[in-house]
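Structural description and commentary
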Amino acid sequence: MRADINIIYEDSDILVCRKPAGLATQSARVSAPDLVSELKNYLAEKKEPYLALIHRLDQPVEGLLVFAKNKAAAKNLNEQLKMSSFDKVYYAVAFNQPPVQEGMLEDYMIKDGSKAKIVTADTPGAKKAVLHYKLLAIKKGRALYEVRPETGRFHQIRAQMAHAGMPLLGDKKYADAAIIMYSDVHGIKNVALCAFKLKLIHPKTGEEMLFVSKPAGEVFLEFKKE
């Protein structure tokens, strides 16, 4: 298994790991590397063939993911996901700061090909998207946010933040040309978004579990430097 895939926790029911930025969660191409394939190979060596994907992270995004190691655990975790019982919290870095330091974004979205699109509420197929953000720090014009989505829409954080005037650094799908150029000049190759905190209920024991992983991307590490 790749050295940059870090298994945070594992038992007979679940596996929690940290996906590095740039690695697809699951790829449709046979020859393309992805996290699911890496973990299946890891489990095959332990003669544990079952692995169920519960939720995803975009390829250029790093952070925590939980997988089920049996069907009962998969059913339970999927129910938690549908009921929004998962508490997923992200760090995000944008170039612009918002009018207020803490707030909520509420939009309607549709999936338009490989992108998410903000639309009006009466647009056919539109789904409500809600997230909360909090400004944590500003350094050299860059703003570090804590982001907690209430809903789990496709590319939700990236699309909503960009629509609100806070495009994420390194995001070539949703940022404007100036931010893309700035990211290229400063060597920011991946989207400045990290799923650093994940809270869930263990599918067998019913215990509340909290996992935290520090971001690895240089764009995040800059905020720790004096």
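Just so it is clear, the structure is predicted and the values come from calculations on it, not from any experiment.

**Some remarks on the environment of Glu102**
Mapped onto the secondary structure, Glu102 falls in strand E6 (residues 102-112). Separated by 17 residues in sequence, Glu102 and Ser85 place their C-alpha atoms 23 Å apart. With residues up to four places along the chain from it excluded, the contact list for Glu102 reads Tyr133 and Lys134.

**A closer look at the nonpolar core**
Ranked by internal contacts, the top residues of the largest apolar core, which has 30 residues, are Phe67, Tyr145 and Val147. Listed by contribution, the elements that provide at least two residues to this core are strand E2 (14-19), helix H1 (35-45), strand E4 (62-68), strand E5 (87-94), strand E8 (127-139), strand E9 (142-149), helix H3 (156-163) and strand E10 (193-201). Ranked by the residues each element gives to this core, the list is headed by H1, at 4 residues. With sequence-adjacent residues up to four places away left out, Phe67 is seen in contact with Asp13, Ile14, Leu15, Cys17, Leu35, Val36, Leu39, Leu51, Ala52, Leu53, Ile54 and Leu77. In this structure, Leu64, Val66, Leu77 and Leu200 belong to the second largest nonpolar core, which totals 15 residues.

**Notes on H3**
A large share of H3 lies buried, amounting to 7 of its 8 residues. Every buried residue of H3 is accounted for by Gln156, Ile157, Arg158, Ala159, Gln160, Met161 and Ala162. If you follow the buried residues of H3, they end up packed against E5, E6, strand E7 (115-119), E8, E9 and E10. The first or second residue beyond H3 is Gly165, which carries a positive phi of 90 degrees.

**Observations concerning the side chain of Lys69**
Positionally, Lys69 belongs in the loop between E4 and helix H2 (71-82). Judged by relative accessible area, Lys69 falls into the buried class, the value being 10%. A distance of 2.9 Å separates a polar side-chain atom of Lys69 from the backbone oxygen of Asp11. At a separation of 2.7 Å, a polar atom in the side chain of Lys69 contacts the side chain of Glu48.

**Details of the state of the cysteines**
As enumerated under the stated definition, the model contains 0 disulfides in all. There is no disulfide at Cys17, and the cysteine sulfur nearest it, in Cys194, is 12 Å away. Given the relative accessible area of 1%, Cys194 is considered buried.

**Some points on the pattern of salt bridges**
Taken as a whole, this structure holds 11 salt bridges when the rule is applied. With its nearest N and O atoms 2.7 Å apart, the salt bridge here joins Glu48 to Lys69. Highlighted residues: Glu48 in the loop between H1 and strand E3 (52-53) and Lys69 in the loop between E4 and H2, separated in sequence by 21 residues. Overall, Glu48 belongs to the partly exposed group, its relative accessible area being 28%. For Lys172, the salt bridge identified is with Asp184, shortest N-O distance 3.7 Å. Here Lys172 is found in the loop between H3 and helix H4 (177-185), whereas its partner Asp184 is found in helix H4, with 12 residues between them in sequence. In this structure Lys172 comes out as exposed when scored by relative accessible area, which is 57%. Look at the salt bridges and you will find they share partners, linking Glu10, Lys46, Glu48 and Lys69 into a network.

**What to know about the side chain of His202**
Tracing the chain through its elements places His202 in the loop between E10 and strand E11 (208-212). Relative accessible area serves as the criterion here: at 4%, His202 is assigned to the buried category. Only 2.7 Å separates the side chain of His202 from the side chain of Asp11, close enough to count as a polar contact. For His202, the residues in contact, after removing those within four places along its chain, are Asp11, Asp13, Ile14, Glu207 and Met209.

**Here we look at H4**
Burial in H4 covers these residues: Ile179, Tyr182 and Ser183. Summarising the axial view, the buried residues of H4 lie within an arc of 100 degrees, below the 170-degree limit, and thus occupy one face. Residues Ala177, Ala178, Met181 and Val185 are exposed on H4 and point more than 90 degrees away from its buried face. Elements in contact with the buried residues of H4: E9. Of the residues one or two after H4, Gly187 is the one with positive phi, at around 70 degrees.

Criteria and cut-off values
- Residues numbered from 1 in each chain as written.
- Predicted model: local features only at pLDDT ≥ 70, side-chain atom pairs only at ≥ 80, totals over all residues.
- Heavy atoms only, no water.
- Helix = DSSP H or I, 4+ residues; strand = E, 2+ residues; numbered from the N terminus.
- Contact = heavy atoms within 4.5 Å.
- Core = buried A, V, L, I, M, F, W, Y, C linked by side-chain atoms within 4.5 Å.
- Buried < 20%, exposed > 50% of the residue type's maximum accessible area, 1.4 Å probe, protein only.
- Polar contact = N/O pair within 3.5 Å; in protein donor to acceptor, adjacent residues only side chain to side chain.
- Disulfide = S-S within 2.5 Å.
- Salt bridge = Lys/Arg side-chain N within 4 Å of Asp/Glu carboxyl O.
- Arc of directions from axis to C-beta.

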